[in-house]
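# Summary of structural features
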Amino acid sequence: MNHLLCGLAANPALPPELVDRLIGVADDDIAEALAGREDLDRAQVLALVSRVPGCAVRLVYEGRLTEADIDPVTRPDAALALLGEGGGDPRWAHLLAGDPDRARREKLAACPRLPPDVVEALLADTDVGVVAELALCAGRDVTVRLVAHPHTEVRRSVAANEATPPFLLAALLTGAGLPAARRCLVYDQEEVPFAHDRACPRSDCDLPPGAFCDGSHESAMHAIQEAALRNPATPAEAAAGFVDHPSALLRWALAARPDLTSEVSAARLVADSLPGVRVEVAANPAVGGTLLRALSGDPSQQVRRAVAHHPDVPLDALVHVAGNTRIGPTLLPRIATASPAEVEELARSSNPAARMLLAQRRDLPARIRDALAADAEAKVVKSLAADPNLVEGQLRAMVDRHGSRVVAKVAANPSTPAALLVEITRHGKTARKALREVARHPRATATALLACLEDEQGRVRAAGHPALPPPVLLELLDDADWQVVEAAAGNPSLPRAAMEDRINRLSPEPGSASTRS
């Protein structure tokens, strides 16, 4: 990959004539970067597709190619992309239904609004993967026909399809009323009984890890049940019967259901031995305050973190969780919806965790915001430091009082003035994270950016900053780090002469001195 040319290809300041030059020498990587440009005209789009046909799919998704631009015979993948977006000529589907490439027929099966005769052709496809893809994406009439398909892969797709009638989803959970499946992926490929090694060394093996079959397709039937449990269209009463199932994966799927309203079922899952199941319960919007309060004391930090992110967690339970759980710098849903009275309560709390949570809000009354800005606890100030409503004096006071503990967040504040950004870069090794924030700050000056070049990650970000001086940019085009090279080449402040010079060096124009020599 030529990272310099890829960077230039994405540079928004690259003149049209140099875009044309890059199109003329584009490989797959350069074409990918060019395809993302918003300034390509129609002639350039068509020239790029002609040069690198593989970029047609990306250009379809970018909305740059239309039905008139695509020949389904020579550009079948682009035609499939347009059909998948709901466009294209319906007659293309007839052509692609007979494509010898199975992967293309699978993609076709996932397309919306397929003509009825194409659906029939895909239903009769000899490859089970094509039929399974159709079963996953088609409407009710197709799922009804496929629910009793002899292959478990097709049944699993039917079980995952929300268009499948609820009574059939309930049947797939237990198998009641359905003929026994006759085939599964293991049965197709191996002599049963067979258990697939979870650490299978074969590079050409496509069996799921741990798949096994003794003739009754056990693991495949388990996968069907899991798909049905994860399908919100499956009746809640049918799903609830799996609350004590020995399979942790099935209990896990049940715990995530949005209709988990039975207090008995939810309470039993709260006591599940598997932390992953309890995480799903804690994150489930159907779970109420009583169970969330119980989970707030869970020994698993992941469970407590899920409780913290629940929109209906009781405020006191949330504050308790915040005191002993790493939640991360984010505005929690319960804090975002706190009432004015609750905001006052949190602001006056003697618990720093409560004030820290509140400080993530960016719509606080000025009185409360100013009090939090002057808080004695660094973690409270750090939580507030990126608030764009803070003024320069408050930001400087934060840095003076708490130093390296808050400088990164102050550097991320869009209101931080240029002079303070320069001062932040002088905080030494403790300011590494701050350097990375300064390096992408819109107010960063050349002085601040030069300091950011000393940090490995800051160097990459600074290389793409338009305030970096052109002489430095030119040096970075030859940097040992390819990410720096690509960022510098994509910098809109790169002089045009430098762009043209580098393109000439790497892809000289026909008839130029370098090609004649």
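So, how was this worked out
- Residues numbered from 1 in each chain as written.
- Predicted model: local features only at pLDDT ≥ 70, side-chain atom pairs only at ≥ 80, totals over all residues.
- Heavy atoms only, no water.
- Helix = DSSP H or I, 4+ residues; strand = E, 2+ residues; numbered from the N terminus.
- Contact = heavy atoms within 4.5 Å.
- Buried < 20%, exposed > 50% of the residue type's maximum accessible area, 1.4 Å probe, protein only.
- 1 Å grid on protein atoms, 1.4 Å probe; cavity = no way out; pocket = protein on both sides within 12 Å on 5 of 7 lines; lining within 4 Å.
- Points joined across faces, edges and corners; volume = space filled by probe spheres on them.
- Nonpolar A, V, L, I, M, F, W, Y, C, P; charged D, E, K, R; others polar.

## Quick notes on the environment of alanine 31
As for its placement among the helices and strands, alanine 31 is situated in helix α3 (residues 28-35). The sequence separation of alanine 31 and arginine 198 amounts to 167 residues, and the corresponding C-alpha distance is 39 Å. Every residue in contact with alanine 31, bar those within four places of it in the chain, is listed here: Ala26, Leu48, Val52 and Cys55.

## Thoughts on the environment of alanine 308
Here alanine 308 lies in helix α21 (residues 301-308). The class of alanine 308 is buried, set by a relative accessible area of 0%. Sequence separation between alanine 308 and leucine 46 is 262 residues; the distance between their C-alpha atoms is 51 Å.

## Some thoughts on the layout of surface pockets
Once rolled over the atoms, a probe with the size of a water molecule shows which space is left empty. Empty space within the largest pocket amounts to approximately 740 Å³. The computed volume of the second largest pocket comes to approximately 380 Å³. Surrounding the second largest pocket, 20 residues form its lining, Pro208, Ser219, Ala220, His222 and Ala223 being those nearest its centre. Sorting the residues of the lining of the second largest pocket by element identifies α12 (152-160), α14 (185-189) and α15 (218-230) as the ones contributing at least two each. Across the lining of the second largest pocket, the residue classes tally to eleven nonpolar, four polar and five charged.

Any functional reading would require information beyond the geometric quantities listed.
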